[in-house]
Amino acid sequence: MLQRVIDYFRPPPIRSRAALQPFLSSQASYLAQRSTYEFSRNTLSYYGQGAWHDPVFQDLMRVCRWESFAAVLADMIVLTEGQLRPASGGDANALVEPLAALYRAIISAYPVPAHRSDGWEADIAGFRQRLERAQMIAPLPPGDVALVGARRVFEVLPVYSQYREVDYQVIEGAIRFGIIAFNDQLRARLQVDAVFADLRADPTAAAAAPR
């Protein structure tokens, strides 16, 4: 119990793929759920008392959470690539396969959602292409990377107000703030050389549970 308290206030360094995977998964899940729940609650206001018990709304919210999770996770792994890139020694493709495999491993750790009859294969392929394109430019700042996920989160929201532009600004701000905070945590904890070496050791293997 004492160790858990210490780890909460002073999180341990991330030295391996096995430690990186649950960190990314938990961070993406937290940001996706917090941002979409808070937006929906504030938008519905008084009417939310009934909506949260409506089965149709609950289904829409589940779709929103899963799609938002996948989108935010992609942004976070793109930022992870940017922080790991200096260890690649200029090899433009060194991280594409390992991080695409990591994205697959995190997504595949959960049962396929009901609305995803074809699974996540198209998203995984699209994310790999995004990683390939990222190699052609310098790593983007976290606020710019977050714009990709923010657009997707906005598309899948279960409810909107009559002011769509304002709605988007609210979601964009929430996602950007969360992504910047994540990037700060990652920078403080990521042991770049150790994680790069571990990812490259077996680029297609699913990450194991942290030890």
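What you are looking at is a predicted structure, and each value in this text was computed from that prediction instead of being measured.

Cut-offs and rules
Residues numbered from 1 in each chain as written. Predicted model: local features only at pLDDT ≥ 70, side-chain atom pairs only at ≥ 80, totals over all residues. Heavy atoms only, no water. Helix = DSSP H or I, 4+ residues; strand = E, 2+ residues; numbered from the N terminus. Expected span 1.5 Å × (residues − 1). Bend = angle between axes of the 7 residues up to and from the residue. Buried < 20%, exposed > 50% of the residue type's maximum accessible area, 1.4 Å probe, protein only. Contact = heavy atoms within 4.5 Å. Core = buried A, V, L, I, M, F, W, Y, C linked by side-chain atoms within 4.5 Å. Patch = residues over 30% accessible without salt bridge, like charges linked within 9 Å, V, L, I, M, F, W, Y side chains within 5 Å. Areas by Shrake-Rupley, 256 points an atom, 1.4 Å probe, with all protein chains shown as cover. Salt bridge = Lys/Arg side-chain N within 4 Å of Asp/Glu carboxyl O.

Caption draft 1: Examining the environment of asparagine 42 more closely. Residue placement: asparagine 42 occurs in helix α2 (residues 17-44). Sequence spacing of asparagine 42 and serine 161 is 119 residues, and the spatial spacing of their C-alpha atoms is 9.9 Å.

Caption draft 2: Examining helix α7 (residues 142-155) more closely. The terminal C-alpha atoms of α7 lie 21 Å apart, and with 14 residues this matches the ideal 20 Å at 1.5 Å per residue to within 8%. Its maximal kink placed at valine 148, α7 deviates by approximately 30°. Those residues of α7 that fall on the buried side of the exposure criterion are Pro142, Gly143, Val145, Ala146, Gly149, Ala150, Val153 and Phe154. Looking at the buried positions of α7, the neighbouring elements they touch are α2, α4 (55-84), α6 (121-134) and α8 (164-189).

Caption draft 3: Highlighting the environment of arginine 65. On the secondary structure map, arginine 65 appears in helix α4. For arginine 65, a relative accessible area of 30% translates into the label partly exposed. Along the chain, arginine 65 and leucine 157 lie 92 residues apart, while their C-alpha atoms are 8.7 Å from each other. For arginine 65, the residues in contact, after removing those within four places along its chain, are Ala32, Gln33 and Thr36.

Caption draft 4: Geometry of the nonpolar core. Core analysis: the biggest nonpolar cluster contains 49 residues, and Leu20, Leu24, Leu73, Tyr103 and Ile175 have the highest contact counts within it. Counting residues per element, this core draws most heavily on α4, which supplies 11 residues. Contacts of leucine 20, omitting those with residues within four sequence positions, involve Ile14, Thr80, Leu102, Leu186, Leu190 and Val195.

Caption draft 5: Representation of a nonpolar patch on the surface within the structure. A cluster of nonpolar side chains, contributed by Met136, Ile137 and Leu140, occupies part of the molecular surface with about 330 Å² of accessible area. Within the secondary structure, isoleucine 137 sits in the loop between α6 and α7.

Caption draft 6: Inspection of the pattern of salt bridges at higher detail. With the rule as written, the count across this model stands at 11 salt bridges. In this structure, the salt-bridge partner of arginine 104 is glutamate 121, at a minimum N-O distance of 2.8 Å. Here arginine 104 is found in helix α5 (residues 96-108), whereas its partner glutamate 121 is found in helix α6, with 17 residues between them in sequence. Judged by relative accessible area, arginine 104 falls into the partly exposed class, the value being 35%. On the basis of relative accessibility, which here comes to 43%, the residue glutamate 121 falls in the partly exposed class. With a closest N to O distance of 3.1 Å, arginine 152 and glutamate 155 form a salt bridge. Of the two residues, arginine 152 and glutamate 155 are both situated in helix α7; the distance of 3 residues between them amounts to about one turn of the helix. Overall, the relative accessible area of 30% leaves arginine 152 in the partly exposed class. For glutamate 155, a relative accessible area of 53% gives the class exposed. Taken together, the salt bridges that share partners define one network made up of Glu67, Arg116, Asp123, Arg152 and Glu155.

Read these as layout, nothing more, since geometry by itself doesn't imply function.
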